[in-house]
Number of protein chains: 2
Amino acid sequence: MHTVLIADDHTLIRESLRNMLEPLDDFSIVADVANGFDALVAVKKWKPSVLLLDVAMPDATGIEVVVDTQRWSPQTKIIIYTGVTSGAPLQQLIDSGIHGLLFKDSDSAHLIKALREVTHNHSYFDDKLSSVLAEQEAVGNLTEREKQVLSQILAGKTNRDIALLLNISIKTVDNHRTRLMNKLGAHSVSDLLRIAIKTGFIHPDTL
Amino acid sequence: MHTVLIADDHTLIRESLRNMLEPLDDFSIVADVANGFDALVAVKKWKPSVLLLDVAMPDATGIEVVVDTQRWSPQTKIIIYTGVTSGAPLQQLIDSGIHGLLFKDSDSAHLIKALREVTHNHSYFDDKLSSVLAEQEAVGNLTEREKQVLSQILAGKTNRDIALLLNISIKTVDNHRTRLMNKLGAHSVSDLLRIAIKTGFIHPDTL
DNA sequence: GCCTCCATAGGGTATTCACCCTAATTGAGG
DNA sequence: CCTCAATTAGGGTGAATACCCTATGGAGGC
């Protein structure tokens, strides 16, 4: 029998996670908490087999909870459960040595599979993660100039606009544009925007 | 002396709202709550001059809290405080007769101005609201076919792709494209994406 | 010194897009 | 029956973009 601690600041999600896991014979939920501070208290108290952790929570960030959990309860397997698909913060979490990662749009089957994998000392990472991190890396490989041009393309500027803004020739902008689209594997402005949002290059709210 | 009730599920935001308002001589915070249910209980108990309300909360949606507040405490002025800029839900809130609306990226000066305006029986709506609602209306005026074409453009398809998909000629797609861009006042795919996200036509996470 | 990467700029061509126009068909509503 | 909006399709033009290529100057690494 494995023990599970749920940490998510959304009551609705905590409840649906409970509903998913309670029918299972091999897992038992010891507690659910709504913020990072309570999560750490509960980890120290229960030392659960698995910590199901939302990254975005009040009082303590995901990475802080992960580090302290590893210190106080090293046997606890940590599964990150996130709605954010921005690459930058994800890379940090993965480097910190978590055991699994799920995106919030995955179904209960994937969640249960993740739980069983980590309790058997395997890791479980969402299939989408590799593509997110690949795109994250690709954006990181853009040169400064290419990033500047990308920003302007996303802002709806034409090559001529960008050339005037940066005081370079239209053909130079065209070259930067071609190279950055190759690097990102994009074939349209829509592709660029999708990648830019997924990787956290730009934030949807600032559009 | 006016009384203020704060309702927001994020502890951090509640605290920062408190910090903003406590130095003011003409306002006093009677309570802050973290969900819609507690908000209604507090409204009935305190009958505050102003309700500062986040739309996205557990247990009761913003519109429910607004309607019940108007029933149980009609003298209470309601200021909506939202991070969501999607037009559809906003229109419903405005129609329900709230007194003010702020987006979460506005600063404390605007918040204080909104409080003073509504307590003097004026209304206060964020400047961005009009553009959001205008774009919302524009998207609503698109025909079904135009919406289909818009979706495909946003997905990165070319006119040729869309023509094949919908079994119509490229010129027809071109016509739909031209008309929808006119209706939305867009001049680039980036403009389309920005409007589509702002109006809730597509959700950033599904990109 | 040599080599690589970056930014710069241009040639050339094919495709795509933006924006103007007309026009036939269809279906819903007055 | 007539009208209007929507959908369909096309003509035509100019701009913008995608993708191929070469080439030069400078900065940094070895």
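Residues numbered from 1 in each chain as written. Chains lettered and ligands numbered in written order. Predicted model: local features only at pLDDT ≥ 70, side-chain atom pairs only at ≥ 80, totals over all residues. Heavy atoms only, no water.

**Q** Please explain the protein's contact with DNA strand C as it appears in this structure.
**A** Surrounding DNA strand C, one finds 20 residues, the nearest of these being Thr143, Arg145, Ser169 and Lys171 of chain A together with Arg177 of chain B. When atoms of DNA strand C within 4 Å of the protein are sorted by moiety, sugar and phosphate together comprise 59%. Taking Thr143 of chain A, its side chain carries an N or O atom lying 2.5 Å from a phosphate oxygen of DNA strand C. The contact in question runs from a phosphate oxygen of DNA strand C to an N or O atom on the backbone of Asn159 of chain B, over 3.0 Å. Elements supplying a minimum of two residues to the surface near DNA strand C: helix H7 (144-154) and helix H9 (170-184) of chain A together with helix H8 (159-166) and helix H9 (170-184) of chain B. The element that contributes the greatest number of residues to the surface near DNA strand C is H9 of chain B, accounting for 6 residues. Its residues assigned to classes, the surface near DNA strand C comprises 2 nonpolar, 10 polar and 8 charged. (Near = heavy atom within 4 Å. Polar contact = N/O pair within 3.5 Å; in protein donor to acceptor, adjacent residues only side chain to side chain. Helix = DSSP H or I, 4+ residues; strand = E, 2+ residues; numbered from the N terminus. Nonpolar A, V, L, I, M, F, W, Y, C, P; charged D, E, K, R; others polar.)

**Q** I'm lost on helix H10 (residues 189-198) of chain B in this one. Help?
**A** For an α-helix, the turn length of 3.6 residues means that residues three or four places apart are oriented alike. All names here are of chain B. Where burial is concerned, most of H10 is hidden: 9 out of the 10 residues are buried. Residues of H10 that are buried include every one of Val189, Ser190, Asp191, Leu192, Leu193, Ile195, Ala196, Ile197 and Lys198, and no others. After H10 finishes, the residue Gly200 shows a positive phi value of roughly 80 degrees. (Buried < 20%, exposed > 50% of the residue type's maximum accessible area, 1.4 Å probe, protein only.)

**Q** Honestly, the interface of chain B and chain A in this entry has me stumped. Any pointers?
**A** Often, the extent of an interface is quoted as the loss of accessible area on bringing the components together. Counting residues at the interface gives 14 residues for chain B, matched by 15 residues for chain A. Of the roughly 1200 Å² buried between chain B and chain A on both sides combined, carbon and sulfur atoms contribute 64%. The tally of links between chain B and chain A comes to 0 salt bridges. The dominant element in the side of chain B that touches chain A, judged by the number of residues it contributes, is H10 of chain B, at 6 residues. The class makeup of the residues in the side of chain B that touches chain A is 9 nonpolar, 3 polar and 2 charged. (Contact = heavy atoms within 4.5 Å. Buried area = accessible area lost by both parts, 1.4 Å probe. Salt bridge = Lys/Arg side-chain N within 4 Å of Asp/Glu carboxyl O.)

**Q** Is there a simple way to think about the domain arrangement of chain A in this case?
**A** Along its sequence, chain A is carved into domain 1 (2-129) and domain 2 (141-206). Just the C-alpha atoms count here: the centres of domain 1 of chain A and domain 2 of chain A sit 36 Å apart. (Domains from an automatic or database assignment.)

**Q** Any chance you could explain the relation of the copies chain B and chain A here in plain terms?
**A** To go from the first copy of the chain to the second, apply a rotation about an axis and then a shift along the same axis. Its rotation angle being 179 degrees, the transformation that places chain B on chain A also includes 0.3 Å of axial translation and leaves an RMSD of 0.2 Å. In the structure described here, the two chain copies are related by an operation that fits a two-fold rotation axis. By residue overlap, the copies meet face to face through one surface: 93% of the interface positions of chain B are interface positions in chain A. (Least-squares fit on C-alpha atoms with pLDDT ≥ 70 in both.)

**Q** Explain H9 of chain B to me, please; I cannot follow it from the model alone.
**A** Residues and elements named next belong to chain B. When the terminal C-alpha atoms of H9 are compared, their 21 Å separation across 15 residues agrees well with the 21 Å that a helix rising 1.5 Å per residue should span. Measuring from the backbone nitrogen of Lys171 back to the side-chain oxygen at the start of H9 gives 2.9 Å, which picks out Ser169 as the cap. After H9 finishes, the residue Gly185 shows a positive phi value of roughly 65 degrees. (Expected span 1.5 Å × (residues − 1).)

**Q** Looking at this structure, how should I read the pairing of strand E3 (residues 50-54) of chain A?
**A** The side chains of a regular strand alternate between both faces of the sheet. All names here are of chain A. Counting buried residues along E3, 5 of its 5 residues qualify, which places the element largely inside the surrounding structure. Residue alternation in E3 divides its side chains into two sets, Val50, Leu52 and Asp54 and Leu51 and Leu53, and both sets are buried. Pairing analysis gives 4 bridges linking strand E1 (residues 2-7) to E3, with the strands arranged parallel. Within E3, the position partnered with Ala7 by the bridge is Leu53. One ladder, built from 5 bridges, connects E3 with strand E4 (residues 77-82); its direction is parallel. Its bridge partner lying in E4, Leu53 is registered against Ile80. (Pairing = 2+ DSSP bridges.)

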